[in-house]
Amino acid sequence: IPADEMSSVIVPEKPSSNTMGPKEVNVLLFRQVELILVKEQNGVQFTSTTLVTPAAPQTSRSGEEERETWGKKIDFLLSVIGFAVDLANVWRFPYLCYKNGGGAFLVPYLFFMLIAGMPLFYMELALGQYNREGAAGVWKICPIFKGVGFTVILISLYVGFYYNVIISWALFYLFSSFTWELPWVHCNNTWNSPNCSDWADNNTVSDIYTATPAQEYFERGVLHIQDSNGIDDLGRPRWQLTACLAVVIVLLYFCLWKGVKTSGKVVWITATMPYLVLTVLLLRGVTLPGAIDGIKAYLSVDFLRLCDAKVWIEAATQICFSLGVGFGVLIAFSSYNKFSNNCYRDAIITSSINSLTSFFSGFVVFSFLGYMSHKHNVALDKVARDGAGLVFVIYPEAIATLPGSSVWAVIFFIMLLTLGIDSAMGGMESVITGLIDEFKFLHKHRELFTLFIVVSTFLISLFCVTSGGMYVFTLLDHFAAGTSILFGVLIEAIGIAWFYGVDRFSDDIKEMIGHRPGRYWRLCWKFVSPCFLLRLAYAITPETEHHLVDNGEVRQFTVSVPLFLVSQYTLNITSLQGII
């Protein structure tokens, strides 16, 4: 037979009963047997037979084991919304809107959302979805920036040390609400001081010596800060708060131990419950006397305030932190998406819902603040405040005056609990996903590694539930996620836009969703967003303090201790100043 006449025979492989699973039965495998006849040499014809087996089915783009994905698309959306919509949406944005021109504040807020917030949000979702790895592993595209990934993982872990404590406070209040008379109504409790009064009118100099029952319940009944002389006198962990913290940690563990298959189901409750409760509270709040005045004050438009640079700075700061970029959570969540998922649409939907939730919560907050202002016959600015003082003092005090106050208190603190839990889940998932993707051997031990992370967080958080725990809490809050987040996102944006390249990144997105991002998004990634991040720290700091920015100290990025904690009968002022 001439050597150029070659034939190949294709015969089906007989399936083996002991090797093929139920899914493989439907797959027809072939072995190609090539019979090659070569030319005759010395009167002998040589025949070469080659068995060619097909390559193993490609399980992922990188040739690794197929990555776990969300059970449903809505699981991912609810997880992102639940993380981004947290306690700050209730206690921070409404107050900023009120004091910075009301409705006029929405102008700089929306402006910075369009040029920085949404582009950075979109960038992180696309980065995680394309590379299918956590915050550190995605930097295989530009390994020199892998340190940025570990930075955001550490920040998320660091924030968890004290954020879980806030949730434990809410849980403590929830348990305390199951009574006929709420414990923060009167001044005849064991924790009250002689300075307790039904209402502290802040019009006189002596106001620093007075406190409301709700105020004293938080600082003396819950925190027991009167038993500490400063950060050098923490005391032992309070068993009540320790128990609440332990419950929070257990909840987090069982929400996260199996990955997105379990957390994706939990968010159906934790991400949707706040909207139901906010709606119920709004319907009740608008029926209260003075509520309309509070809402009018919230929405009053003062465009002259836009001439104040501070208004624009606070809008930029709020956008930067409210969307949750820079914590590695968006990267971790999107890494579990299907490769062809439309991350562009997800970015628009989830970031918009986050901002709308902040705006909507303002109606709820100021309907009750207007009621408190009317009830005590004081100006609205006497009761309006942000931070923990709003949700653990002012709001409980307002609820205590309503008929069926215990029921309303339970509803309110369930909302705070769910707002905090899914945000804490996001931070923990960032840490867990980021590390197990970087250290592959941890994949087989996710349950044990998750247990290690949550237990470690619990042990560190114990310092915050001591009598002097508020000092530690303030210290952690001061240094955890301020300039470090801005710096991390800045380097992340520079790494993507200038080192990996906007064009290549756009090609990656086209590979996923079928089209490249528009020129607007590419310009924001390459120029606008990095400039926004690089100048923000200097923009909010006086020129005489720019040297502090160079040293990583930006006072404007910290949440100060609530004013009601700074009273002569509860705090060692010298120690507190040492922290601040």
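Residues numbered from 1 in each chain as written. Predicted model: local features only at pLDDT ≥ 70, side-chain atom pairs only at ≥ 80, totals over all residues. Heavy atoms only, no water.

If you look the protein up in an unreviewed UniProt entry, it shows as Transporter from Oryzias latipes. Reading the Subcellular location (unreviewed entry) entry of the UniProt record for the protein gives the comment "Membrane". Per its UniProt entry, the protein bears the Sequence similarities (unreviewed entry) comment "Belongs to the sodium:neurotransmitter symporter (SNF) (TC 2.A.22) family." (UniProt positions renumbered as here; feature names shortened; annotations may be inferred.)

A few words on the overall build of the protein. Helix and strand counts for the protein come out as 21 helices and three strands. Every one of the 580 residues in the protein was classed for burial, and the buried ones make up 54%. Contacts in the protein between residues at least 24 apart in sequence constitute 78% of all its contacts with a sequence separation of at least 6. Taken as a whole, the protein presents about 26,100 Å² of accessible surface, with 63% of it coming from carbon and sulfur. (Helix = DSSP H or I, 4+ residues; strand = E, 2+ residues; numbered from the N terminus. Buried < 20%, exposed > 50% of the residue type's maximum accessible area, 1.4 Å probe, protein only. Contact = heavy atoms within 4.5 Å. Areas by Shrake-Rupley, 256 points an atom, 1.4 Å probe, with all protein chains shown as cover.)

One pass over the structure, following the stated rule, counts one disulfide. Each sulfur of the disulfide joining C187 and C196 lies 2.0 Å from the other. On the sign convention where negative means left-handed, the S-S torsion of about -65° between C187 and C196 marks this disulfide as left-handed. (Disulfide = S-S within 2.5 Å.)

With that settled, consider the nonpolar core. The biggest cluster of nonpolar side chains holds 173 residues, and the ones touching the most others in it are W169 and F392. What F392 contacts, discounting residues up to four positions off in sequence, is W91, I166, W169, A170, Y173, A214, F218, F413 and L416. (Core = buried A, V, L, I, M, F, W, Y, C linked by side-chain atoms within 4.5 Å.)

When the UniProt feature table is mapped onto this chain, "binding site: Na(+)" (unreviewed entry) is found at G82, A84, V85, N89, S322, N354, L419, D422 and S423. Narrowing the list just given to those that line the largest cavity leaves D422. When near neighbours in sequence (up to four residues on either side) are disregarded, A84 contacts N89, S322, L323 and N354. Its place among the elements puts N89 in helix α2 (residues 87-91). Take N89: its relative accessible area is 2%, and that puts it in the buried class. (1 Å grid on protein atoms, 1.4 Å probe; cavity = no way out; pocket = protein on both sides within 12 Å on 5 of 7 lines; lining within 4 Å.)

One pass over the structure, following the stated rule, counts four cavities of 30 Å³ or more. Within this model, the largest cavity holds a volume of roughly 50 Å³. What lines the largest cavity is S79, L256, S263, V267, F333, D422, M425, G426 and E429. Within the residue set of the lining of the largest cavity, elements represented by two or more residues are α8 (260-270) and α15 (405-438). When residues in the lining of the largest cavity are grouped by element, the largest group, four residues, is from α15. Each residue belonging to the lining of the largest cavity can be placed in one class, and the counts come to four nonpolar, three polar and two charged. (Points joined across faces, edges and corners; volume = space filled by probe spheres on them. Nonpolar A, V, L, I, M, F, W, Y, C, P; charged D, E, K, R; others polar.)

One pass over the structure, following the stated rule, counts 13 salt bridges. K440 is the partner of E133 in a salt bridge, and the nearest nitrogen-oxygen pair spans 3.5 Å. Here the residue E133 occupies a position in the loop between α4 (106-131) and α5 (146-176), and K440 occupies one in the loop between α15 and α16 (446-461), the gap between them amounting to 307 residues. Overlapping salt bridges bring together E133, K140 and K440 as one network. (Salt bridge = Lys/Arg side-chain N within 4 Å of Asp/Glu carboxyl O.)

Below, the discussion takes up the packing of helix α9 (residues 273-285) against α15. Relative orientation of the contacting elements α9 and α15 amounts to 145°, with a least axis distance of 9 Å. Crossing of α9 over α15 shows left-handed handedness. Of α15, the residues touching α9 (which contributes M273, P274, V277, L278, V280, L281 and R284) are W408, I411, F412, I414, M415, T418 and L419. Looking at side-chain class alone, the contact of α9 with α15 contains twelve nonpolar, one polar and one charged residues. (Axes fitted to C-alpha atoms, helices over the stretch in contact; angles between N-to-C directions. Left-handed = near helix turned anticlockwise from the far one by under 90°.)

Time to look at helix α1 (residues 73-84). If you check α1, its first and last C-alpha atoms are 17 Å apart, about what twelve residues at 1.5 Å a residue would give, namely 16 Å. In terms of burial, α1 is a largely internal element, ten of the twelve residues being buried. (Expected span 1.5 Å × (residues − 1).)

Turning next to unusual backbone geometry. Phi at R132 takes a positive value of approximately 55°, unusual for a residue other than glycine. The topology assignment puts R132 in the loop between α4 and α5. R132 gets classed as buried once you look at its relative accessible area, which sits at 16%. A positive phi angle, near 55°, is found at N377, a position not held by glycine. Residue placement: N377 occurs in the loop between α13 (343-376) and α14 (388-400).

A complete count under the given rule lists 47 aromatic pairs for this structure. Ring centres of F83 and F327 lie 6.3 Å apart, and the angle between their planes is 75°; on these two criteria the pair is classed as edge-to-face. Here F83, found in helix α1, pairs with F327, found in the loop between α11 (309-322) and α12 (329-334); they are 244 residues apart in sequence, far enough to count as distant. Directly above the ring of Y336 sits R67, whose terminal nitrogen or CZ lies 4.4 Å from the centroid. Here the basic side chain of K526 rests over the ring of W498, its NZ or CZ set 4.8 Å away from the ring centre. (Phe/Tyr/Trp six-rings, centres within 6.5 Å; stacked < 30°, edge-to-face > 60°. Lys NZ or Arg CZ within 6 Å of the ring centre and 35° of its normal.)

Here the focus is the side chain of T450. Looking at the secondary structure, you find T450 in helix α16. T450 sits in the buried class, given a relative accessible area of 0%. Once you skip the residues sitting within four places of it in the chain, T450 turns out to touch Y253, L256, W257 and I432.

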